[in-house]
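Reading the structure
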Amino acid sequence: MSSSTAEKSTHQRPLLSIIIPAYNEASNLPQLIKELNEVLVSLDVAPEILFADDGSTDSTWEMIEALHREHDFVRGVRLSRNFGHQYALLAGLANAKGDAVITMDGDLQHPVTMLPELFNEWRRGNMIVHTRRIDPPTLSFFKKITSKLYYKIFSYLSGVKIQSGMADFRLLDRRVVEDILQFNEEGLFFRGIVQWVGYRTTTLPYTCRERFSGTSKYSLQKMFKLAWNGITSFSIVPLRLTIFIGVITSCIAFAEILYAIGVKLFSDSAVPGWASAISVLSFLFGVLFIFLGIVGEYLGRILVEVRQRPRYLVSDTVGIRNICRDKQNDTTP
Ligand code: UDP
Ligand code: MG
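Residues numbered from 1 in each chain as written. Chains lettered and ligands numbered in written order. Predicted model: local features only at pLDDT ≥ 70, side-chain atom pairs only at ≥ 80, totals over all residues. Heavy atoms only, no water.

To continue, consider the sheet that holds strand S7 (residues 201-207). Taken together, the eight strands give an open sheet; going across it, the order is S7-S5-S6-S4-S1-S2-S3-S8, and neighbouring strands pair in mixed fashion. Each edge of the sheet is formed by a strand with only one pairing partner; in this case those strands are S7 and strand S8 (314-318). Sheet twist, expressed as the average angle between the axes of neighbouring strands with direction ignored, equals 20°. Direction of pairing for strand S1 (residues 15-22) relative to strand S4 (residues 100-103): parallel, over a ladder of four bridges. (Pairing = 2+ DSSP bridges. Helix = DSSP H or I, 4+ residues; strand = E, 2+ residues; numbered from the N terminus. Axes fitted to C-alpha atoms, helices over the stretch in contact; angles between N-to-C directions.)

Phi is positive for Leu108, close to 70°, though the residue is something other than glycine. Along the chain, the position of Leu108 falls in the loop between S4 and helix H5 (115-123). Residues other than glycine seldom take positive phi values, yet Tyr199 does so here, at roughly 70°. Relative to the assigned elements, Tyr199 resides in the loop between helix H8 (190-196) and S7.

Let us now look at the site of ligand 1. Around ligand 1 sit 18 residues in total, of which Glu25, Asp54, Asp107, Ser216 and Lys217 are the nearest. A distance of 3.4 Å is found between a nitrogen atom of ligand 1 and a backbone nitrogen or oxygen belonging to His85. Of the residues assigned to the shell around ligand 1, the class counts are four nonpolar, six polar and eight charged. (Near = heavy atom within 4 Å. Polar contact = N/O pair within 3.5 Å; in protein donor to acceptor, adjacent residues only side chain to side chain. Nonpolar A, V, L, I, M, F, W, Y, C, P; charged D, E, K, R; others polar.)

Between helix H9 (residues 220-234) and helix H11 (residues 274-307), the least distance of the axes is 11 Å, while the angle of their chain directions is 80°. Considered as vectors, H9 and H11 are oriented roughly perpendicular to each other. Facing H9, whose interface residues are Trp228, Asn229, Ile231, Thr232 and Ser233, H11 presents Glu297, Tyr298 and Arg301. Residue classes in the contact of H9 with H11 are distributed as three nonpolar, three polar and two charged. (Parallel < 35°, antiparallel > 145°, perpendicular 65-115°, else oblique. Contact = heavy atoms within 4.5 Å.)

This part covers helix H10 (residues 237-266). Because the α-helix completes a turn every 3.6 residues, residues three or four places apart line up on one side. Here H10 is 30 residues long and its end C-alpha atoms lie 43 Å apart, about the 44 Å a rise of 1.5 Å per residue gives. For H10, the set of buried residues is Pro238, Thr242 and Val263. Packing partners of the buried residues in H10 comprise H9 and H11. (Expected span 1.5 Å × (residues − 1). Buried < 20%, exposed > 50% of the residue type's maximum accessible area, 1.4 Å probe, protein only.)

As a further point, take the pairing of strand S2 (residues 46-53). Residues in a regular strand project their side chains so that they alternate between the two faces of the sheet. For S2, the buried fraction is high: eight of the eight residues fall into the buried class. The alternating pattern of S2 places Ala46, Glu48, Leu50 and Ala52 and Pro47, Ile49, Phe51 and Asp53 on opposite faces, both of which are buried. One ladder, built from eight bridges, connects S1 with S2; its direction is parallel. Residue Leu16 lies in a different strand from S2, and its bridge partner there is Pro47.

In the structure shown here, the tally under the stated rule is 12 salt bridges. The salt bridge involving Arg75 is made with Glu48; its shortest N-O contact spans 3.0 Å. Pair noted here: Arg75 is in strand S3 (residues 74-79) and Glu48 is in strand S2, with a separation of 27 residues, a long-range link. Relative accessible area serves as the criterion here: at 2%, Glu48 is assigned to the buried category. (Salt bridge = Lys/Arg side-chain N within 4 Å of Asp/Glu carboxyl O.)

On to the coordination of the magnesium ion (ligand 2). Donor atoms from the polypeptide that coordinate the magnesium ion (ligand 2) comprise Asp107 (OD) and Gln109 (OE1), at 2.0 to 2.1 Å from the metal. In this structure Gln109 comes out as partly exposed when scored by relative accessible area, which is 24%. (Donors = N, O, S within 2.8 Å, 3.2 Å for Na, K, Ca; no water.)

This brings us to the pairing of S1. Counting buried residues in S1 gives seven out of eight residues, a clear majority hidden from the surface. Taking the sense of rotation as the criterion, the β-α-β connection linking S1, helix H2 (residues 29-40) and S2 turns out right-handed. (Right-handed = clockwise from strand over helix to strand, strands pointing away.)

For the rest of this paragraph, the subject is the confidence of the model for the protein. Per-residue pLDDT for the protein has a mean of 87; in total, 95% of the residues score no lower than 70. Here residues 329-333 is a poorly scored stretch, pLDDT under 50, and it has 11 contacts once near neighbours within four places are set aside; other chains count. (pLDDT = per-residue confidence, 0-100.)

This part takes up the environment of Leu171. For Leu171, the location among the structural elements is in strand S6 (residues 170-173). Taking relative accessible area as the criterion, Leu171 reaches 0% and is therefore assigned buried. With sequence-adjacent residues up to four places away left out, Leu171 is seen in contact with Ala100, Val101, Ile102, Leu118, Phe119, Trp122, Met127, Ile128 and Val129.

It is the contact of H2 with helix H3 (residues 60-70), at a shortest axis distance of 10 Å, that shows an interaxial angle of 35°. With respect to the hand of their crossing, H2 and H3 are arranged in right-handed fashion. Within the contact between the two elements, H2 uses Leu29, Pro30 and Ile33 and H3 uses Thr60, Met63, Ile64 and Leu67. (Left-handed = near helix turned anticlockwise from the far one by under 90°.)

Turning to the nonpolar core, a few remarks are in order. Ranked by internal contacts, the top residues of the largest apolar core, which has 43 residues, are Leu93, Phe154, Leu172, Ile180 and Tyr312. Within the residue set of this core, elements represented by two or more residues are S2, S3, helix H4 (85-95), helix H6 (141-158), helix H7 (174-180), H8 and H9. The element best represented in this core is H4, accounting for seven residues. Apart from residues no more than four positions distant in its own chain, Leu172 is found in contact with Leu93, Asp99, Ala100, Val101, Met127, Ile128, Val177, Ile180 and Val194. (Core = buried A, V, L, I, M, F, W, Y, C linked by side-chain atoms within 4.5 Å.)

This is the structure:
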């Protein structure tokens, strides 16, 4: 489909934005645009495809520029460095104009054939349409188990229900996007925030496809950071847990002291066990330092929040006239 067919915009047709964060995805983008075009033509919408290039070091940005020259509904913001998937999503949301906004990955794992279903659910009045991955048989056991476990722990700690397999593939109504843009916090965790905001929502299952080209851009370190940000931005239960464990260990220690005094007073001997005393002591010191670390993590979060730095910087744009930067409503003509 040519750009003119896709962007035959009338006032009646809703504007649908598709936000795609991309980090070194140059080899995936042409195929993605091809498949998106085929699907979008069947929808009665004025489309906008907005790439958020998260500081790619390959030719992703040049590819976005080329795709924009070919189809003027392809637009792009380029972050000044790799800020991470969640901030790339945020930069996309801040600059999307759609009445409905869909976020999806740039590696074709999120099937574009789901878009009509997402859109229809929005048409039926749902403000948020989540998707839930049905684990393909090829998904590694490690990813399956860690994802299930993490979402169980997250939901328990935060009181915000997330099911395993819910990734950043969803549709948001304009109103929800505006609400989310009010969240000024660091360490964004969209999966939690979109559950937290409420509204009428529904969830659609989908079968995840194989990555079209390249390898995962989520290193173990990035995954861990996202998971930890998710928990610490939604819950202070880890801090409370330290008090709880502190009280229990103090009670045990107190009972030990009473026992030692009792043995000394009422028998001829003293409680033996230098080695056990030292091992208990080292264990408790270990626990203490872990707790100090947890307190430090939360303290660090406060420091980062207090600084109020922008969460991402934009170095280039294509097809966007009034660029929205982070933490300022600066509109450069
Ligand atoms: N991504 C990003 N910044 C990053 C890492 C990933 O914008 O620092 C993008 C990536 O290009 C992709 C999406 O986030 O469009 C999901 O990443 P990926 O497919 O590598 O994750 P996986 O599917 O392996 O969990
Ligand atoms: Mg992927």
